[in-house]
Amino acid sequence: MVAKKLNENTKWLVWYRISALASPGFSDTKFRAGNRYAPFFLFALGSMISQDTFGPRYQVLEVIGKGSYGTVFKALDNADGQLVAIKHIKGMFQGASTKAAADAQRVLREIKLLRLLRESQDVVQLKSIVAPEGREYHDIALVFELMEADLHEVIKLNSDLQPDHHRWFLFQMLRSLDYMHQANILHRDLKPQNILVNADCTLKICDLGLARTASAEDSSEFWTDYVATRWYRAPELCGSFSAAYTPQVDIWSIGCIFAEMLLRRPLFMGRDVVHQLQLITDVMGTPPPESIAKVHNPKARAFLASMPKKSGISLQRVLHKTEPAAVDLLRRMLAFDPDNRITAAEALRHPYFHSLCDMVANQAPPKISGQEFAYEKANLQVDDIRELMWLEVLEYHPQLQKAQEARSLLASCTSTHNLQFMQRKSSDASSSGSFSAHMRRGMTFYSDTGFSGDGEQCNAETDTSCTL
Ligand SMILES: Nc1ncnc2c1ncn2[C@@H]1O[C@H](COP(=O)(O)OP(=O)(O)O)[C@@H](O)[C@H]1O
Ligand SMILES: [Mg+2]
């Protein structure tokens, strides 16, 4: 009720800004395309793709997003006339085998987590996966509900966001995070570009490419694949690519995003890890020795310990026009010590959200079976991951699944060798349409959007090496 009223009040404002900033010639797409990319880039990319890149069902309209791994297109789904966003990840299974396997693992994980989180109102919905024509595929196209902008654009384009916008956006981010954390899922790459927003102020988290499940049993496990964005990275992770993670790393990122909404610029824009820690301590003060001890990287710990004592500055002074409750919550989200940082569930009960207390979701989080990600412990080869991804594709194509089951049954009757996942190298996927033919054709059209897989392609603020 409160949100409905809020949405009614706020919709016009955001929509007005979006419309007002729409580039001529992009009337259908409001500000998105015209403002997100330099027009020449959009023109070049747009003119290089064909409308049927993803088969006859989807009509590609334009490029709306480009991240480190995928290019995102706006498309029309001819089956139901709805607009969708298609994230195209290319060349996943190509390249050096270890690196290709790690990159493909990342995509597989994202697809699985999106399936597991499909009941969440605050996570972008994966509607389908375009079925590859054959089992030797290299590209994948994920079909999402279409959202109108990402938070980076909204912050950039809306200089007059009101306190109610800030509150409602933060509330939805925390509600999404609470749901994920209850399911033991850590996002690990929260930044404004990975938060999607509609003109009615609905907000959803996207890009689960770096997300991981973290059950209590494996909390001591060290992950080595973390190459997230420095400006939003929790201080205990600065300089660390190998670390045990807690849900509190996401809370830090959300705190940084909230501050960015209020300031209309990133709060800690570190040039490198050392500069990042300097900026954090300038504002939050130098931490006590017991908090420094929780920083993973030994050089970062030594650096912090040798730092002259700083008392920090008053966040209320920096954000002088912001209501004290918002500043108090921000301070708790940006606690240097992860053990002192507020949790998502606690934050949702903070007085700042008093007016939204009836909007807390009572949704039970998904129960994720240990089996779901058991394969991660095995040293899988690229072909195995491709097969696992194929199983995920089947989740969205019941017809294909039935045909697959029939073939598997036949195979088990005729062969004494049971294959580990599914029968490989089957070229028969007749009900999947002509995706790979289209893909092959499409690839030559926009080959500059290749899968780099290193997470560094477009993030100037992403750490590429540990400088500490
Ligand atoms: N469902 C969607 N609707 C609208 N825009 C989207 C959608 N999904 C992604 N985008 C846009 O595309 C960009 C890249 O998508 P993302 O999933 O973050 O890919 P990557 O893993 O390559 O970073 C996002 O920052 C956002 O601007
Ligand atoms: Mg992204």
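The structure presented is a predicted model; accordingly, all values stated were derived computationally and were not measured. (Residues numbered from 1 in each chain as written. Chains lettered and ligands numbered in written order. Predicted model: local features only at pLDDT ≥ 70, side-chain atom pairs only at ≥ 80, totals over all residues.)

Draft legend 1. Spotlight on the overall build of the chain. Helix and strand counts for the chain come out as 16 helices and 10 strands. In the chain, which comprises 468 residues, the proportion classed as buried is 43%. Taking all contacts inside the chain whose residues are at least 6 apart in sequence as the whole, residues at least 24 apart take part in 70%. (Helix = DSSP H or I, 4+ residues; strand = E, 2+ residues; numbered from the N terminus. Buried ≥ 20, exposed ≤ 12 C-beta atoms within 10 Å, placed from the backbone. Contact = placed C-beta atoms within 7 Å.)

Draft legend 2. Seen up close, the site of ligand 1. In the vicinity of ligand 1, 21 residues are found, and the nearest of them are Gly 65, Gly 67, Ala 85, Phe 144 and Asp 207. Elements represented by at least two residues in the shell around ligand 1 include exactly β1 (58-66), β3 (82-89) and β5 (140-145). Looking at the shell around ligand 1, its residues break down into 10 nonpolar, 7 polar and 4 charged. No fewer than three residues from each of domain 1 (15-145) and domain 2 (149-365) sit in the shell around ligand 1. (Near = placed C-beta within 6 Å. Nonpolar A, V, L, I, M, F, W, Y, C, P; charged D, E, K, R; others polar. Domains from an automatic or database assignment.)

Draft legend 3. Examining helix α6 (residues 163-182) more closely. In a regular helix each residue adds 1.5 Å, so 20 residues correspond to 28 Å; α6 covers 28 Å between its end C-alpha atoms and thus fits that length. Among the 20 residues that make up α6, 16 are buried, leaving the element largely enclosed by the rest of the structure. At the exit of α6 stands Asn 184, carrying a positive phi of roughly 60°. (Expected span 1.5 Å × (residues − 1).)

Draft legend 4. Examining the pairing of β5 more closely. With 6 bridges joining them, β3 and β5 adopt antiparallel strand pairing. Across the sheet, Lys 87 pairs through a bridge with Leu 142, a residue of β5. As judged from the 3 bridges shared by strand β4 (residues 126-129) and β5, these two strands associate in the antiparallel manner. From the neighbouring strand, Ser 128 faces β5, where its bridge partner is Val 143. (Pairing = 2+ DSSP bridges.)

Draft legend 5. How the structure looks around unusual backbone geometry. The backbone of Asn 184 shows a phi angle near 60°, a positive value even though the residue is not glycine. Checked against the element boundaries, Asn 184 lands in the loop between α6 and β7 (185-186). A positive phi angle, near 70°, is found at Arg 188, a position not held by glycine. Its place among the elements puts Arg 188 in the loop between β7 and β8 (195-197). A residue is classified by how many C-beta atoms lie within 10 Å of it, and Arg 188, with 23 of them, is buried.

Draft legend 6. Representation of the nonpolar core in the model. Core analysis: the biggest nonpolar cluster contains 104 residues, and Ile 86 and Met 333 have the highest contact counts within it. Viewed by domain, this core spans two of them, domain 1 (15-145) and domain 2 (149-365), each represented by three or more residues. The residues contacting Met 333, other than those within four sequence positions of it, are Ile 251, Trp 252, Ile 254, Gly 255, Phe 258, Arg 341, Ile 342 and Ala 347. (Core = buried A, V, L, I, M, F, W, Y, C linked by C-beta atoms within 7 Å.)

Draft legend 7. Focus on the environment of Asp 178. Mapped onto the fold, Asp 178 is located in helix α6. For Asp 178, a count of 22 C-beta atoms within 10 Å corresponds to the buried category. With 169 residues separating them along the chain, Asp 178 and Ala 347 place their C-alpha atoms 9.3 Å apart. Residue contacts for Asp 178: discarding those within four places in its chain leaves Ala 344, Ala 345 and Leu 348.

Draft legend 8. Layout of the sheet that holds strand β6 (residues 149-150). The strand order across the open sheet built from 3 strands is β6-β8-β9, with neighbouring strands paired in antiparallel fashion. Edge positions in the sheet fall to β6 and β9 (203-205), since each of these pairs with one other strand and no more. Bridging between β8 and β9 involves 3 bridges; their strand directions are antiparallel. The partner of Leu 196 across the bridge, within β9, is Lys 204.

Draft legend 9. A look at the sheet that holds β3. Spatial ordering of the open sheet is given by β1-β2-β3-β5-β4, a layout of 5 strands whose pairing is antiparallel. Single-partner strands in this sheet number two, and they are β1 and β4. The average undirected angle you get between the axes of adjacent strands in this sheet is 30°. Seen against the sheet, helix α4 (residues 97-116) touches β3, β4 and β5 and runs at an angle of roughly 130° to β4. (Axes fitted to C-alpha atoms, helices over the stretch in contact; angles between N-to-C directions.)

Draft legend 10. View of the packing of helix α8 (residues 273-284) against helix α10 (residues 298-306). Contact geometry for α8 and α10: axes closest at 11 Å, N-to-C directions at 40°. Between α8 and α10, the interaxial angle falls into the category oblique. Judged by the sense of rotation from one axis to the other, the crossing of α8 with α10 is right-handed. Every residue of α10 that contacts α8 at Val 273, Val 274 and Leu 277 is listed here: Ala 300, Phe 303 and Leu 304. (Parallel < 35°, antiparallel > 145°, perpendicular 65-115°, else oblique. Left-handed = near helix turned anticlockwise from the far one by under 90°.)

Draft legend 11. Highlighting helix α14 (residues 382-395). Between the first and last C-alpha of α14 there are 20 Å, a value that for 14 residues agrees with the 20 Å anticipated at 1.5 Å per step. Looking at α14, one finds that the buried residues are Val 382, Ile 385, Arg 386, Met 389, Trp 390 and Val 393. Each buried residue of α14 lies within a common arc of 150° when the element is viewed along its axis, so the set occupies one face. Elements in contact with the buried residues of α14: α4, β4 and β5. (Arc of directions from axis to C-beta.)

Draft legend 12. Structural detail: the UniProt feature "binding site: ATP" (unreviewed entry) in the chain. Here the UniProt feature "binding site: ATP" (unreviewed entry) sits at Lys 87. Residue placement: Lys 87 occurs in strand β3. A residue is classified by how many C-beta atoms lie within 10 Å of it, and Lys 87, with 24 of them, is buried. (UniProt positions renumbered as here; feature names shortened; annotations may be inferred.)

Draft legend 13. Up close: the environment of Tyr 69. You can see Tyr 69 is positioned in the loop between β1 and β2 (71-77). For Tyr 69, a count of 24 C-beta atoms within 10 Å gives the class buried. It is 8.2 Å that separates the C-alpha atoms of Tyr 69 and Lys 90, two residues lying 21 residues apart in sequence.

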